[in-house]
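Structure assessment
What follows is the residue order along each chain.
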Amino acid sequence: MPEQQTLPPQQSVRRTHQVTALFSHGRLVTIPRKRARLEQLLTHLAETLFERDRAYTEQEVNEALLTVHEDCSALRRHLVVAGLLVRPRDGSSYRRGR
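These notes cover the structure that comes with them. None of the values given here were measured: they were computed from a predicted structure.

**What to know about unusual backbone geometry**
Here His 25, not a glycine, exhibits a phi torsion of approximately 55°, which is positive. Given the relative accessible area of 82%, His 25 is considered exposed. Positive phi outside glycine occurs at Asp 53, with the angle close to 60°. Residue placement: Asp 53 occurs in the loop between helix 2 (35-49) and helix 3 (58-66). Residue classification places Asp 53 among the exposed residues on the basis of a relative accessible area of 76%.

**Things to note about the nonpolar core**
A general tendency of soluble globular proteins is for nonpolar side chains to be buried together. Counting residues in each nonpolar core, the largest one holds 24 residues, and the members touching the most others are Phe 23, Phe 50 and Leu 79. Looking at this core, the elements that each hand over two or more residues are helix 2, helix 3 and helix 4 (72-81). Considering every element that reaches this core, the biggest residue donor is helix 2, with five residues. Ignoring anything within four residues of it in the chain, the contact list for Phe 23 reads Leu 28, Val 29, Leu 41, His 44, Leu 45 and Val 68.

About the cut-offs
Residues numbered from 1 in each chain as written. Predicted model: local features only at pLDDT ≥ 70, side-chain atom pairs only at ≥ 80, totals over all residues. Heavy atoms only, no water. Buried < 20%, exposed > 50% of the residue type's maximum accessible area, 1.4 Å probe, protein only. Helix = DSSP H or I, 4+ residues; strand = E, 2+ residues; numbered from the N terminus. Core = buried A, V, L, I, M, F, W, Y, C linked by side-chain atoms within 4.5 Å. Contact = heavy atoms within 4.5 Å.

Take it as geometry only, folks, not as evidence of what the structure does.
Right, here's the structure in full:
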């Protein structure tokens, strides 16, 4: 049976620090442009703001994202493109993805 690989503790701490460095007083200072850093941020937001197996309206998604940054539509779009939030074609609801 193959061994399960996990991140060494220092790498996990480093990734957490990289995400927290994007915030000041609980607010996101900027949306990163670098893909890897953006992916880390989006994963963090999906895990901390949205529950699994729960449907959200667009207004609820916006309200959750507004707690961290004023450009909720850009964050919502990034989350959908990354597959971290999924929605039906009609956009009637959102659910946490992968």
